[in-house]
Amino acid sequence: MAEAGRPGSRAFPELAKTWVPPHELRRLAAYKVLASYDNNQAGQLAAAGGDASALERRELGDAANLVDTALGYLLGSEQKVTVEGAEHADAETPTPGAAEAAAVQDRLRKWADKELLTFRVQQAERAAVLLGDSVMVLAWNPEKQRPTLRVYDPGFFFPQWGDEDEDFPRRVHLAWELPADDDAGLKARVRRVTYELGPISENGEDGAAAGGRQYPWEPGRMSNVTCYLTDAEWLLEDLKNGETLDRLPMDKASFRVRPDGTELNRLDLMIDFVPVIHIANTIPDGGEHWGRSILARVLQALDELAATDSDSSAASATTGTPIIGLAGARLPVDRATGKPQELQVKAGAVWQLGETGRMDALDTSPQLAELRARVDHLLERIAANSRVTAAGLGTLEATEVPSGYALKLALGPLDALIGMMRLAREHKYRLLFKMVQRLYQAGRAEGWTAGETLPARLAWAPHTPTDRGAVLEEVAKAYGAGVLSLETAVAMLLEAGYPIQDASQEVERIRAKAEQEAAVRMAEAAARRGREEDDEDQKEDDGSGSARVRKPVGKVSEREPVEAGR
């Protein structure tokens, strides 16, 4: 990483390829370094860089554990697609557009189930947490009649920024190298998939060049911009120095062909956006676009931990099988060579000592205890500096936490970390669902009409356990006092982790049950009044009744309930 020209060239010879842009080398080398820590191969990487002693390095999965722990807190127990306003669709007086929002939410959730969105999010987010970046690509599939979602290695992602003030690049490359296959007769080559925004071609089939094209998500507005797709391959032997990724010779390109026979050479996708979503693990610094790995700030501590584990392993060997010094011992003699045999420390061994003989053992247990204490110290530093905290990593003992409030304070840095990571992803997932809706509209799928795209987001479950009893008591008091609506109360229970599949359906079931119970209570009250009137009539007929004023039939006493819910 410290080499000025091509970082990591000795450890990563594949980065010396001529097609890799020089300004991207450091980022690609950083991805490989981080991946080596995740796979317990950082010692082998250091050995490939010239440190022969690094092969003895012991790595026990601490880096991978840190990544997986942070990923688990980020994702929570589940993720759901929500559309703003959909929760009010089943209200007694639904807000304008609530029914449409609920319909879009239902269709997006069905798409998420078919495209295994939870699985794709897990793939993308682990790469983002480990490497700092992740990439997802959408494409319209005419056979399935829905957008497909794929996750790519961020090392394949090469955005081309034309202006630093742009929010999104107008040209994006996805490129990787394909190895040679001698059995199939294929040579080593590089594949490049390019998405590029540009003016609509004059010979467009829909004749949109004259006045532009009207996209279904912007009715009444003409646009002259579209996205072109190019998918091509180049033989590595045909590339010369200076012909980097954005300068590959098009006259030597071999374009791929779709199953329907269409050549993928500036294919008009009939959309006005690049269907590529780049997810950064953290909020980038001003003027930057890349995120930071969860391991970035504790790599030195992980190196120290691996070195301490190696020393601890060596010390435990001398503690379990100590070094022994003998004086005045009678050593057995090998009959074949006549030389004394080497003594071995093992169970049941008997050594004969003379009258002045002595045996001394080297005790290394204090050093081993000190090394183990240093391991605990380094783990605490890693937990603190990564902000995952000792409580988050599970290394904090329960006896060290005096109360739940103290545990909440201990988890404070973790709460801030997860809040920052989710904030960095909020806009990107909104953009993902916007693109999904527009691809459905561009594909003229059934049920997706022209109109403005509705805002949708990915809702995360709480990352730490919540006190369900306290939340339930708070919701019951607030709803009973009339300061919360039923929709908001159910949403709070859903966020607290109650097993509610759909908030709107749960609200509908609660109201239906309340109406049913109200009807039963009214029927019981009417039956009770009828029995009382029958008893009074019977007393008057028998002559035993006192002079009572008979209540009119159908009228309710002031003391009887007049509302179903009272």
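Worth saying up front: this structure is predicted, and the values here are computed from it rather than measured.

Draft legend 1. Inspection of the overall build of the chain at higher detail. Counting secondary structure elements, the chain contains 13 helices and 15 strands. Evaluated residue by residue, the chain yields a buried proportion of 36% over its 566 residues. A sequence separation of at least 24 residues applies to 66% of the contacts in the chain between residues at least 6 apart. As displayed, the chain has an accessible area near 32,900 Å², and 50% of this comes from carbon and sulfur atoms.

Draft legend 2. Region of the structure containing the nonpolar core. Counting 103 residues, the largest nonpolar core has Trp-19, Leu-117 and Leu-295 as its most contacted members. Looking at this core element by element, the count peaks at 13 residues for helix α10 (residues 412–442). Apart from the residues within four sequence positions on either side, Leu-295 is in contact with Leu-34, Tyr-37, Ala-63, Leu-66, Val-67, Leu-130 and Leu-302. With nine residues, the next largest nonpolar core counts Val-471, Val-475, Leu-493 and Val-507 among its residues.

Draft legend 3. Here's a closer look at the layout of surface pockets. Empty space within the largest pocket amounts to approximately 1,700 Å³. Around the largest pocket, the lining is made up of 45 residues, and of these Trp-140, Leu-229, Arg-258, Leu-267 and Leu-269 lie nearest the centre. Contributing elements (two or more residues each) for the lining of the largest pocket: β2 (133–141), β3 (146–152), β5 (171–178), β6 (189–199), β7 (213–214), β9 (225–235), β11 (267–268) and α10. With five residues, the single largest contributor to the lining of the largest pocket is β2. Considered class by class, the residues forming the lining of the largest pocket number 25 nonpolar, seven polar and 13 charged. Quantified by volume, the second largest pocket comes out at close to 970 Å³.

Draft legend 4. Highlighting the pattern of salt bridges. In the structure shown here, the tally under the stated rule is 22 salt bridges. Residue Arg-221 is joined to Glu-218 by a salt bridge in which the shortest nitrogen-to-oxygen separation is 2.7 Å. Its relative accessible area of 46% is what places Arg-221 among the partly exposed residues. By relative accessible area, which is 24% here, Glu-218 ends up partly exposed. Put simply, Arg-430 and Glu-426 hold a salt bridge, and the shortest N to O gap is 3.1 Å. With Arg-430 and Glu-426 both in helix α10 and four residues apart, this pair spans about one turn of that helix. A relative accessible area of 26% places Arg-430 in the partly exposed class. Several salt bridges converge on common partners, so that one network encompasses Glu-84, Glu-426, Arg-430 and Arg-457.

Draft legend 5. Spotlight on the sheet that holds strand β12 (residues 276–280). Strand order in this open sheet of three strands is β3-β2-β12, and the pairing throughout is antiparallel. For this open sheet the edge positions go to β3 and β12, each flanked by a neighbour on one side alone. For this sheet the average axis-to-axis angle between neighbouring strands, irrespective of direction, equals 25°. Of the strand pairs in this sheet, β2 and β3 are connected by seven bridges, and their pairing is antiparallel. Bridge pairing in β3 links Ala-139 to Thr-148. α10 rests against β2, β3 and β12 of the sheet, and its axis sits at about 165° to β12.

Draft legend 6. Main features of the pairing of β6. For β6, the buried fraction is high: nine of the 11 residues fall into the buried class. Relative to β6, β5 runs antiparallel, the two being bridged by eight bridges. Its bridge partner being in β6, His-173 is matched across the sheet by Thr-194. For β6 and β9, the ladder comprises 11 bridges, and the chain directions are antiparallel. Residue pairing in the sheet places Arg-191 in a bridge with Glu-233 of β9.

Draft legend 7. A look at empty space enclosed by the protein. Scanning the entire structure with this criterion turns up two cavities of 30 Å³ or more. Quantified by volume, the largest cavity comes out at close to 100 Å³. Around the largest cavity, the lining is made up of 13 residues, and of these Glu-59, Asp-62, Ala-63, Leu-302 and Ala-306 lie nearest the centre. Contributing elements (two or more residues each) for the lining of the largest cavity: α3 (62–75) and α6 (299–320). Of the residues assigned to the lining of the largest cavity, the class counts are six nonpolar, two polar and five charged.

Draft legend 8. Quick peek at the side chain of Ser-36. Topologically, Ser-36 is positioned in helix α1 (residues 25–38). When residues no more than four places from it in sequence are discounted, the contact partners of Ser-36 are Gln-41, Ala-42 and Leu-45.

Draft legend 9. Fine view of a nonpolar patch on the surface. Where nonpolar side chains cluster on the molecular surface, the patch consists of Leu-326, Leu-353 and Met-359 and spans about 240 Å² of accessible area. Here Leu-353 is to be found in strand β14 (residues 352–361).

Draft legend 10. Broad picture of the packing of α3 against α10. As a packed pair, α3 and α10 sit with axes 10 Å apart at the nearest point and diverge in direction by 70°. Considering their axes alone, α3 and α10 lie roughly perpendicular with respect to each other. α10 is crossed by α3, and the crossing has right-handed handedness. Only Leu-414, Ile-418, Met-421, Arg-422 and Arg-425 of α10 make contact with α3, whose side of the interface consists of Ala-70, Tyr-73, Leu-74 and Leu-75. Across the contact of α3 with α10, the residue classes break down as seven nonpolar, no polar and two charged.

Rules used throughout
Here the residue index of a chain counts from 1 through its sequence in written order. Whole-chain, interface and lining totals are the exception, using all residues; otherwise, since this is a predicted model, local features are given only for residues with pLDDT of at least 70 and side-chain atom pairs are given and counted only at 80 or more. Water and hydrogen atoms were dropped before computing side-chain values, which therefore reflect all heavy atoms in the structure. Numbering goes from the N terminus for both helices and strands, where a helix is a DSSP run of H or I of at least four residues and a strand is a run of E of at least two. Think of it in three bands: with a 1.4 Å probe and only protein chains considered, a residue is buried below 20% of the maximum accessible area for its type, exposed above 50%, and partly exposed in between. Here a residue-residue contact requires only that any non-hydrogen atoms of the pair lie within 4.5 Å. Per-residue accessibility takes into account occlusion by the displayed protein chains alone, with areas from the Shrake-Rupley method and a 1.4 Å probe. Residues grouped as a nonpolar core are buried Ala, Val, Leu, Ile, Met, Phe, Trp, Tyr and Cys residues, joined through side-chain atoms within 4.5 Å. In this analysis the probe radius is 1.4 Å and the grid spacing 1 Å, with only protein atoms considered; a cavity is a set of points the probe fits into but cannot get out of, a pocket is an open set with protein on both sides within 12 Å along at least five of seven lines, and lining residues have an atom within 4 Å of a point. Grid points are joined across faces, edges and corners, and a volume is the space filled by probe spheres set on the points. Each residue gets one of three labels, nonpolar for Ala, Val, Leu, Ile, Met, Phe, Trp, Tyr, Cys and Pro, charged for Asp, Glu, Lys and Arg, and polar for the others, Gly among them. The salt bridge definition used is simple: a Lys or Arg side-chain nitrogen within 4 Å of an Asp or Glu carboxyl oxygen. Two strands form a pair only when DSSP identifies at least two bridges running between them. Between N-to-C directions, angles span 0 to 180 degrees; the directions come from axes that are lines fitted to C-alpha atoms, helices contributing only their stretch in contact. Patch membership is restricted to residues that have no salt bridge and whose relative accessible area is over 30%. Joining uses 9 Å for like charges and 5 Å for the nonpolar side chains Val, Leu, Ile, Met, Phe, Trp and Tyr. An angle counts as roughly parallel when it lies under 35 degrees, as roughly antiparallel when it exceeds 145, as roughly perpendicular when it falls between 65 and 115, and as oblique in every other case. Whether a crossing is left-handed or right-handed is set by the direction in which the near helix is turned from the far one by less than a right angle, anticlockwise for left-handed and clockwise for right-handed.

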